[in-house]
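# Observations on chain architecture
Residues per chain are reported as follows:
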Amino acid sequence: MSSSRILPVLLPYPFKEPFYYQVPPELEYEAFIPGTLVMVPLGNREEIGVIWEKHQLPKGISLPEEAPKKIKKIKPILSTLSVPPLPAILLQFIDWVAAYTLSSPGMVLAIALRGIQTYASTNTAKTGWILSDLSTNTIRMTPAREKIIQFLKGKEIPFTTKFLSEALTVTSSVIQGLAKAGILEERLLPYHSTFLEPDPSFHIPQLSEDQQKAADFLSKKVEDKQFSVTLLQGVTGSGKTEVYMQAIATCIEQEQQVLILLPEIALSSQWVERFEKRFGVKPALWHSDLSNKQRKLTWQAVIKNEVSVLVGARSALFLPFTHLGLIIIDEEHETSFKQEEGIIYHARDMAIVRARLSNCPAVLVSATPSLETLTNAYHNKYHHLTLSARHGGASMPDVQVVDLRATPPHRGLFLSPPLITATQQRLEKGEQVLFFLNRRGYAPLTLCRACGHRLECPHCSAWLVEHRSTQRLVCHHCDYFIPIPKECPHCSTPDSMVPIGPGIERITEEARATFPDAKILVMSSDSLTSSKATAEAIRQIDQKEVNLIIGTQIVAKGWHFPFLTLVGVIDADLGLSGADLRASEKTLQLLHQVGGRAGRAQSPGIVMLQSYLSDHPVMETLVKGDFNEFMLQEAAERQMGFWPPYGRLAAIIVSADTNEEAMQIAYELGQNAPQMEGVIVLGPAPAPLALLRNRYRQRLLLRTQKHIAIQPILHQWLSSVKAKKSVKIDVDIDPISF
Ligand code: ADP
Ligand code: ZN
């Protein structure tokens, strides 16, 4: 080989460093700028890799260099892919996330390449149509012809026959006819597009004065093209979405790209519909439900700047945007933004990093912001916009605690008399009611009446949950299941197994018996298994085909149900037990969000919280509605103990096939704990879920003062212990439970 250029190539695998490859003579004239996608040999396979370089890491973090590996035999790069190079900001972002989360850059790259893994094999040329210069008077006009011409007017990119005939409901012969007459010209497609430019002036709602002020502020931030973070806080139904839609419109006008992160795919159908009403077209989507083909199309369209608005789940952060002008994180407090497996990262926090690298504004949206975000807003690190009233004069729901000690449900049942009466009244008036219980299945625990034996998962430290619809007892952590036993597996007493406590299946059963005329809809991850099923459920609610909705946390999200006027929380105390320091914050957010579904239109709503802890601060806060005040109180308590957000925290989870192995390594880590001022190590102790999928888990918590960078400490500490391959040490920076 004559060429002497040797280049680092990062591969989407858990290697710590890029590998080196040589540029062969036939590719000598390629530029190979960082980000260029190449095919390279790896073992006896061909893999996609990316030309790499070193990037700036998070402030204060510098990881020890790996000793350079001896390069035995340098192999050649095989080819380059015919896509633009990954944008420099994305490369920087990948290295940043890897350093922050102590992961290998290759694994982060793997997330970013998810749209392109199949690229090389299936890229075929296709053609579409544009309007030619010929005058339209030369042919006879028909409505179908007119439709096509109107649609293509002013559009510079070609559209395929398939797209035109589906979108405009015209036959392909009409298109052929126009082509023959010279009105349409055939062009090679730059890509196979279904992505249309949203029209920012399509349907602009009249904003209230408060909304307008907030919207103008955000628009200004978009125009400034500078990094900033704004918290948009407003009670549920205050019109936050309308406000940030205007910022999106501004961003489209500026010809910049917008990324909107939603916590749940399930949420996206109502959102997309709303977007379409406002902008005339659908946004691009990015989530795990997409087919490989859709994924590929979207990925390519993003890198070519042909997508201006994309709505997605966490991993959309790693898409190759070239002109990012705005990132919106809706329902920013949602814990589902935390990715808990593989690369452990918080999408909200990483979105802010991405915005900073892209030099664009980020907007965090919530009625009940996380403590981190609220604290940053109060310390003026973030701008803080507030919408204090519901849109259109709708009032906030009246929150009442139903003290279950005073008005208990009938024996063995779970609906209290006050909730039953209120439900009856609402249903009779033709309104909708929601029962909320954050528990799937029929009963969370099954025990033997004779000997007290409880049915536990053999692979996890968790009870088996009865699912009556499938006649099974299921582990919600590993999906292990058994048929519902006829007799106690321990003492063999027949018919002795009894369900303890309610899940939503049991509440549904009780509701059917109590309200025989109600049209019931169950919403949980068991009943809504696809975005299609979710869309159908939402349609039934919108069209009032159902009037009693029974759901798990899936219903707490940002839904807008105009006819819903009563929310009954079956067990408001549910999240409050347990050791998690965040239990109150999370419960408050969840119940506030669920309650926020009530009375969002004309009729005022009520929320009834069934509770045995009616004087708990969380209940009092919900009744009074002073969310921020409660959070500031929490913040003060955290500050005293240097807990986040006033200190830094990392969880180290040691897992192994035997408890002895896990404990041994965890103990060694405890022995070697860093001795520094401002650094505390807690544990080891059994992790929450001390047994999970047959792995025994021990946990240590590393807590430092805020100014101390936690990654180098962890790096040194963890490398002080040599663990066998079978023992795994996972690091969770900024864990959300502690
Ligand atoms: P939030 O996001 O704060 O929960 P939404 O933006 O969903 O609130 O607004 C609640 C309801 O009020 C929605 O149906 C929305 O379409 C309507 N709405 C909000 N602002 C306006 C407005 N300026 N004009 C018309 N309808 C509005
Ligand atoms: Zn299990």
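Residues numbered from 1 in each chain as written. Chains lettered and ligands numbered in written order. Predicted model: local features only at pLDDT ≥ 70, side-chain atom pairs only at ≥ 80, totals over all residues. Heavy atoms only, no water.

### Let's talk about the overall build of the chain
The helix and strand tally for the chain stands at 19 helices and 32 strands. The globule rule puts the C-alpha radius of gyration for 738 residues at 27 Å, and the 28 Å found for the chain is close to it. With the C-alpha coordinates aligned to their principal axes, the bounding extent of the chain is approximately 80 × 70 × 55 Å. With 738 residues in all, the chain has 53% of them scored as buried. Taking all contacts inside the chain whose residues are at least 6 apart in sequence as the whole, residues at least 24 apart take part in 75%. (Helix = DSSP H or I, 4+ residues; strand = E, 2+ residues; numbered from the N terminus. Rg over C-alpha atoms; globule rule 2.2 N^0.38 Å. Buried < 20%, exposed > 50% of the residue type's maximum accessible area, 1.4 Å probe, protein only. Contact = heavy atoms within 4.5 Å.)

### Some details on the packing of aromatic side chains
Counted under the stated rule, the structure contains 12 aromatic pairs. On the numbers, 5.5 Å between centres and 20° between planes, the contact of W271 with F275 is stacked. Pair noted here: W271 and F275 are both in helix α8 (residues 265-279), with a separation of 4 residues, about one helical turn. Residue W271 is classed as buried on the basis of its relative accessible area of 6%. Judged by its relative accessible area of 0%, F275 falls in the buried class. Ring centres of F275 and F279 lie 4.4 Å apart, and the angle between their planes is 25°; this geometry places the pair in the stacked category. Of the two residues, F275 and F279 both sit in helix α8, 4 residues apart, roughly one turn of that helix. Positioned above the aromatic ring of F279 is the side chain of R278, whose terminal nitrogen or guanidinium carbon lies 4.6 Å from the ring centre. (Phe/Tyr/Trp six-rings, centres within 6.5 Å; stacked < 30°, edge-to-face > 60°. Lys NZ or Arg CZ within 6 Å of the ring centre and 35° of its normal.)

### Some points on the packing of helix α15 (residues 583-595) against helix α17 (residues 627-640)
Packing of α15 against α17 brings their axes to within 11 Å, and their N-to-C directions diverge by 165°. When the interaxial angle is binned, α15 and α17 end up roughly antiparallel. Where α15 crosses over α17, the two elements pack in a sense that is left-handed. Facing S584, E585, L588 and Q589 of α15, the residues of α17 in contact are F627, F630, M631, E634 and R638. For the contact of α15 with α17, a count of residues per class yields 4 nonpolar, 2 polar and 3 charged. (Axes fitted to C-alpha atoms, helices over the stretch in contact; angles between N-to-C directions. Parallel < 35°, antiparallel > 145°, perpendicular 65-115°, else oblique. Left-handed = near helix turned anticlockwise from the far one by under 90°. Nonpolar A, V, L, I, M, F, W, Y, C, P; charged D, E, K, R; others polar.)

### Considering unusual backbone geometry
P645 follows P644 through a cis peptide bond whose omega is 5°. Looking at the element boundaries, P645 is found in the loop between α17 and β29 (647-656). Cis peptide bonds are those with omega within 30 degrees of zero, and the linkage from G683 to P684 qualifies with 10°. Within the element layout of this structure, P684 appears in strand β30 (residues 679-692).

### Some words on the packing of helix α1 (residues 88-101) against helix α10 (residues 347-358)
Here α1 crosses α10 at 140°, and the two axes come no closer than 10 Å. The way α1 lies across α10 gives a crossing that is right-handed. Seen from α1, the contacting residues are I89, L90, Q92, F93, W96, V97 and Y100; seen from α10, they are M350, V353, R354, R356, L357 and S358. In the contact of α1 with α10, the residues fall into 9 nonpolar, 2 polar and 2 charged.

### Focus: the site of ligand 1
Taken together, 16 residues surround ligand 1, and among them Q206, G237, K240, T241 and R274 come closest. Contact between ligand 1 and Q211: a nitrogen atom at 2.9 Å from a side-chain N or O atom of the residue. In the model, an oxygen atom of ligand 1 is placed 3.2 Å from a nitrogen or oxygen of the S238 main chain. Calculation on ligand 1 without its partners gives an accessible area of 550 Å², and the protein chains cover 79% of this total. Here the shell around ligand 1 takes 3 residues from helix α7 (residues 240-253), the largest share from any one element. (Near = heavy atom within 4 Å. Polar contact = N/O pair within 3.5 Å; in protein donor to acceptor, adjacent residues only side chain to side chain. Areas by Shrake-Rupley, 256 points an atom, 1.4 Å probe, with all protein chains shown as cover.)

### Re the side chain of E334
Assignment of secondary structure puts E334 in the loop between β13 (324-330) and β14 (338-339). Each residue touching E334, except ones within four places of it in the same chain, is listed here: P263 and K557.

### Describing the pattern of salt bridges
Any two side chains of opposite charge can pair, so long as their charged atoms come close to each other. Under the defined criterion, the tally for this structure stands at 24 salt bridges. A salt bridge links E242 to R274, with the nearest nitrogen and oxygen atoms 3.0 Å apart. Separated by 32 residues along the polypeptide, E242 in helix α7 and R274 in helix α8 bring together distant segments of the chain. For E242, a relative accessible area of 24% gives the class partly exposed. (Salt bridge = Lys/Arg side-chain N within 4 Å of Asp/Glu carboxyl O.)

### What about the coordination of the zinc ion (ligand 2)?
Ideal values differ by geometry: the angle at a metal is 109.5 degrees with four tetrahedral donors, but 90 or 180 degrees with six octahedral donors. Those protein atoms acting as donors to the zinc ion (ligand 2) are C457 (SG), C460 (SG), C475 (SG) and C478 (SG), and they sit at 2.2 to 2.4 Å. Given 4 donor atoms and angles of 107 to 116° at the metal, the environment of the zinc ion (ligand 2) is assigned as tetrahedral. Each donor residue of the zinc ion (ligand 2) lies on one chain, and together they are spaced C-x2-C-x14-C-x2-C. Separated by 21 residues along the polypeptide, C457 in the loop between β20 (445-448) and β21 (465-467) and C478 in the loop between β22 (472-474) and β23 (481-483) bring together distant segments of the chain. Judged by its relative accessible area of 22%, C478 is partly exposed. (Donors = N, O, S within 2.8 Å, 3.2 Å for Na, K, Ca; no water. Tetrahedral: all angles 85-135°; square planar, octahedral: opposite > 155°, others 65-115°.)

### Side note on the pairing of β30
By the bridge criterion, 8 bridges tie β30 to strand β31 (residues 695-705) in an arrangement that is antiparallel. What sits directly across from L691, in β31, is Y696. (Pairing = 2+ DSSP bridges.)

### Some remarks on the sheet that holds strand β25 (residues 520-523)
Spatial strand order, β18-β28-β27-β19-β26-β25: 6 strands in an open sheet with parallel pairing. Every other strand in the sheet has two partners, leaving β18 (398-403) and β25 as the edge strands with one partner each. In this sheet, neighbouring strand axes are inclined to one another by 20° on average, regardless of whether the strands run parallel or antiparallel. Alignment of strand β27 (residues 564-569) against strand β28 (residues 606-611), held across 4 bridges, turns out to be parallel. The residue of β28 that forms the bridge with V567 is V607. Running at roughly 145° to β18, helix α16 (residues 617-624) makes contact with β18 and β28 of the sheet.

### With respect to α7
Taking 1.5 Å per residue as the helical rise, α7 with its 14 residues ought to reach 20 Å, and the 20 Å between its terminal C-alpha atoms agrees with that figure. Across the 14 residues of α7, 12 count as buried, placing the element largely inside the fold. E255 occupies a position one or two residues after α7 and carries a positive phi of about 60°. (Expected span 1.5 Å × (residues − 1).)

### Notes on the sheet that holds strand β12 (residues 309-312)
Ordered by their spatial adjacency, 7 strands build an open sheet running β11-β12-β10-β13-β16-β9-β17, and the pairing between neighbours is parallel. Sheet topology places β11 (284-286) and β17 (383-387) at the edges, where each strand pairs with a single neighbour. For this sheet, the mean angle separating the axes of adjacent strands, direction not counted, is 20°. Examined bridge by bridge, strand β9 (residues 228-234) and β17 share 5 bridges and lie parallel to one another. What sits directly across from T230, in β17, is H383. On the sheet, helix α9 (residues 292-303) packs against β10 (257-261), β11 and β12 and is oriented at approximately 115° with respect to β11.

### Focus on the environment of E340
Of note, E340 is situated in the loop between β14 and β15 (345-346). Counting along the chain gives 185 residues from E340 to K155, while the straight-line C-alpha distance between them is 43 Å. When sequence neighbours within four positions are dropped, the list of residues in contact with E340 reads D732 and I736.

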